[in-house]
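# Observations on the model geometry
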Amino acid sequence: MMSEQIKEQILKVRDTGLTNMFDTTAVQRIAFDMELYELVTFLEDNKKAYVHFILTGEG
């Protein structure tokens with residue numbers, strides 16, 4: 001189960017429109033640039049949960 005903070009950070013990156021959200025490396029880079037460090041760390045170990053959220057909106 002991902003936290004609300006992680007969900008909000010994913011949506012902030014998505015709202016930039018700068019990358020395909022399945023490009024997790026780019027998502028991490030953008031998150032880092034936006035100082036969303038929790039998301040950067042989350043993606044290191046939780047890509048499956050991240051992709052599930054992107055596909056379904058459920059986390």
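Look above for the structure.
The paragraphs below set out a description of the structure included in this document. (Residues numbered from 1 in each chain as written. Predicted model: local features only at pLDDT ≥ 70, side-chain atom pairs only at ≥ 80, totals over all residues. Heavy atoms only, no water.)

## Quick word on the overall build of the chain
Each helix and strand in the chain was counted, giving four helices and zero strands. Relative to the 2.2 N^0.38 estimate, which gives 10 Å for 59 residues, the radius of gyration of the chain is 10 Å and therefore close to what a compact globule would have. When its C-alpha atoms are laid out on the principal axes, the chain stretches across 25 × 20 × 15 Å. For the chain, buried positions account for 34% of its 59 residues. Counting contacts in the chain only where the partners sit at least 6 residues apart, residues at least 24 apart contribute 45% of the total. On the chain, roughly 3900 Å² of surface is accessible, and the fraction owed to carbon and sulfur atoms is 51%. Distance from the positive charge centre (6 side chains) to the negative charge centre (10 side chains) of the chain: 5 Å. (Helix = DSSP H or I, 4+ residues; strand = E, 2+ residues; numbered from the N terminus. Rg over C-alpha atoms; globule rule 2.2 N^0.38 Å. Buried < 20%, exposed > 50% of the residue type's maximum accessible area, 1.4 Å probe, protein only. Contact = heavy atoms within 4.5 Å. Areas by Shrake-Rupley, 256 points an atom, 1.4 Å probe, with all protein chains shown as cover. Lys, Arg positive; Asp, Glu negative; His and termini not counted. Charge placed at Lys NZ, Arg CZ, Asp CG, Glu CD.)

## Considering the pattern of salt bridges
Under the criterion given, the structure shown has two salt bridges. Salt-bridge contacts for R14 lead to D15; the nearest nitrogen and oxygen are separated by 3.5 Å. (Salt bridge = Lys/Arg side-chain N within 4 Å of Asp/Glu carboxyl O.)

## Topic: the side chain of K7
If you trace the backbone, K7 turns up in helix α1 (residues 4-16). K7 has contacts with M2, F53 and G59, leaving out every residue within four places of it along the chain.

## A word on unusual backbone geometry
A positive phi is found at E35, a non-glycine position, where the angle reads about 65°. Relative to the assigned elements, E35 resides in the loop between α2 (24-33) and α3 (37-45).

## Brief notes about the environment of M21
Checked against the element boundaries, M21 lands in the loop between α1 and α2. On a C-alpha basis, the gap between M21 and L36 in space is 15 Å, while along the polypeptide they are 15 residues apart. Not counting the four nearest positions on each side in its chain, M21 is found in contact with I10, V13, R14, V27, Y50 and I54.

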